[in-house]
Amino acid sequence: MQSPLHVAIIMDGNGRWAVRRGLPRTAGHCAGTEALRRAVEAAPELGIRILTVYAFSSDNWKRPLDEVDALMSLLAHHLGRETPRCIESGVRIEAIGRRDRLPPDLRDAIDAAENRTRLGKRLLLRIAIDYSARNSILSAADANSRAAIETALAASPAVDLLIRTGGEQRLSDFLLWECAYAELIFTPTLWPDFTGDDLRRAVQEFTRRERRFGALANPAPAMPVERERWLR
Ligand code: IPE
Ligand code: IPE
Ligand code: MG
């Protein structure tokens, strides 16, 4: 089977990584940004065209204020620092999720990163910040008719492979609609330890899976139309 076109990652385990080292949880988030850079570097050569990563869930607002503040400034800093590298390597950055509750400097950093990387064609990096899949589906439903809802949801590409690090085996309100037929890989590796090789191994595991999309294995099921759109 071919490589997954759209990989989604729940980057979990930063806090535990830090606590195990006697460090503050924020040190884990900081190390997590390095793991994200490694994944972005490795993805295009593995045939991945879209990488959607869960950076901050809408439920993460429930965490202590100092951790939330640190995450917000780390994300702004990361976007600013990585944008030149992304421009150079053809990576287009896009944020998904709510923006109205983000601090202004993070909103500005997102706008600048999206704008400056908009011509990138090698990889679309979608960073989910203040993201809730249930809220995204409800927002689409505001469109009011079934056709409009389907159009709104089809704008978000189906996930081929979802990886969650950190050992938990749940979706935590990430891409519920898009993962309808995603292959799932759960690994105990904590996100700051995740390497380009780990991503390559996950892709290899994906290629060994048999996807049937509800049909029978033989003859091979047709590629979903939506996938063809992204392969153009
Ligand atoms: C994931 O790591 C990052 C965010 C949720 C922002 P965690 O902070 O959830 O790390 P653990 O799960 O507590 O180890
Ligand atoms: C999911 O991880 C959110 C991110 C990785 C950004 P959490 O650590 O917040 O999820 P739960 O609370 O374990 O389900
Ligand atoms: Mg966690």
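Structure's up top.
Residues numbered from 1 in each chain as written. Chains lettered and ligands numbered in written order. Predicted model: local features only at pLDDT ≥ 70, side-chain atom pairs only at ≥ 80, totals over all residues. Heavy atoms only, no water.

### Let's talk about the overall build of the protein
When you go through the protein residue by residue, the secondary structure sums to 8 helices and 6 strands. Secondary structure elements of the protein, listed N to C terminal, follow the sequence β-α-α-β-α-β-α-β-α-α-β-β-α-α. Its C-alpha atoms give the protein a radius of gyration of 17 Å, within 12% of the compact-globule value 17 Å for 232 residues. By principal-axis analysis of the C-alpha atoms, the protein measures approximately 55 × 40 × 35 Å. By the burial criterion, 46% of the 232 residues in the protein qualify as buried. Looking at charge distribution, the protein has the averaged site of its 34 positive side-chain charges lying 2 Å from that of its 31 negative ones. (Helix = DSSP H or I, 4+ residues; strand = E, 2+ residues; numbered from the N terminus. Rg over C-alpha atoms; globule rule 2.2 N^0.38 Å. Buried < 20%, exposed > 50% of the residue type's maximum accessible area, 1.4 Å probe, protein only. Lys, Arg positive; Asp, Glu negative; His and termini not counted. Charge placed at Lys NZ, Arg CZ, Asp CG, Glu CD.)

### Thoughts on the pairing of strand 4 (residues 123–131)
Across the 9 residues that make up strand 4, a large majority, 9, are buried. As paired strands, strand 2 (residues 50–57) and strand 4 are joined by 7 bridges and run parallel to one another. Following the sheet pairing, Phe56 is matched in strand 4 by Ile129. (Pairing = 2+ DSSP bridges.)

### Structural notes on the site of ligand 2
With respect to spatial proximity, the complete set of residues near ligand 2 consists of Ile10, Met11, Asp12, Tyr54, Ala55, Phe56, Asn60, Arg63, Arg164, Arg170 and Ser172. Asp12 is positioned with one of its side-chain polar atoms (N or O) 3.2 Å from an oxygen atom of ligand 2. Between ligand 2 and the protein, one listed contact pairs an oxygen atom with a side-chain N or O atom of Arg170 at 2.8 Å. By residue number, the principal contributor to the shell around ligand 2 is strand 2, which donates 3 residues. When the residues that make up the shell around ligand 2 are grouped by side-chain class, the tally is 5 nonpolar, 2 polar and 4 charged. (Near = heavy atom within 4 Å. Polar contact = N/O pair within 3.5 Å; in protein donor to acceptor, adjacent residues only side chain to side chain. Nonpolar A, V, L, I, M, F, W, Y, C, P; charged D, E, K, R; others polar.)

### Notes on the site of ligand 1
The local shell around ligand 1 holds 13 residues, among which Asp12, Gly15, Arg16, Arg25 and Arg63 are the closest. Gly13 places a polar main-chain atom, nitrogen or oxygen, 3.4 Å from an oxygen atom of ligand 1. Taking Asn14, its main chain carries an N or O atom lying 3.2 Å from an oxygen atom of ligand 1. Taken by itself ligand 1 offers 380 Å² of open surface, and the protein chains cover 87% of this. Going through the elements one at a time, helix 1 (14–20), helix 2 (25–42) and helix 3 (65–89) are the ones with two or more residues in the shell around ligand 1. If you tally residues by element for the shell around ligand 1, the top one is helix 1, at 3 residues. Partitioned by chemical class, the residues of the shell around ligand 1 number 3 nonpolar, 5 polar and 5 charged. (Areas by Shrake-Rupley, 256 points an atom, 1.4 Å probe, with all protein chains shown as cover.)

### Looking at the nonpolar core
Membership of the largest hydrophobic core comes to 42 residues, with the highest contact counts inside it found for Ile9, Leu51, Leu106 and Leu199. A per-element tally of this core places helix 3 first, with 7 residues. Leu106 has contacts with Met72, Leu75, Ala76, Leu79 and Ile129, leaving out every residue within four places of it along the chain. Of all hydrophobic cores here, the second largest spans 13 residues; its members include Ile10, Ile96, Phe174 and Leu175. (Core = buried A, V, L, I, M, F, W, Y, C linked by side-chain atoms within 4.5 Å. Contact = heavy atoms within 4.5 Å.)

### Points about unusual backbone geometry
Here the phi dihedral of Ser172 falls at roughly 45 degrees; this positive angle occurs in a residue that is not glycine. Mapped onto the fold, Ser172 is located in the loop between strand 5 (161–164) and strand 6 (183–186). Its relative accessible area of 32% is what places Ser172 among the partly exposed residues. Phi angles above zero are rare outside glycine, and Phe213 is one such case at about 50 degrees. Along the chain, Phe213 falls in the loop between helix 7 (196–208) and helix 8 (225–231).

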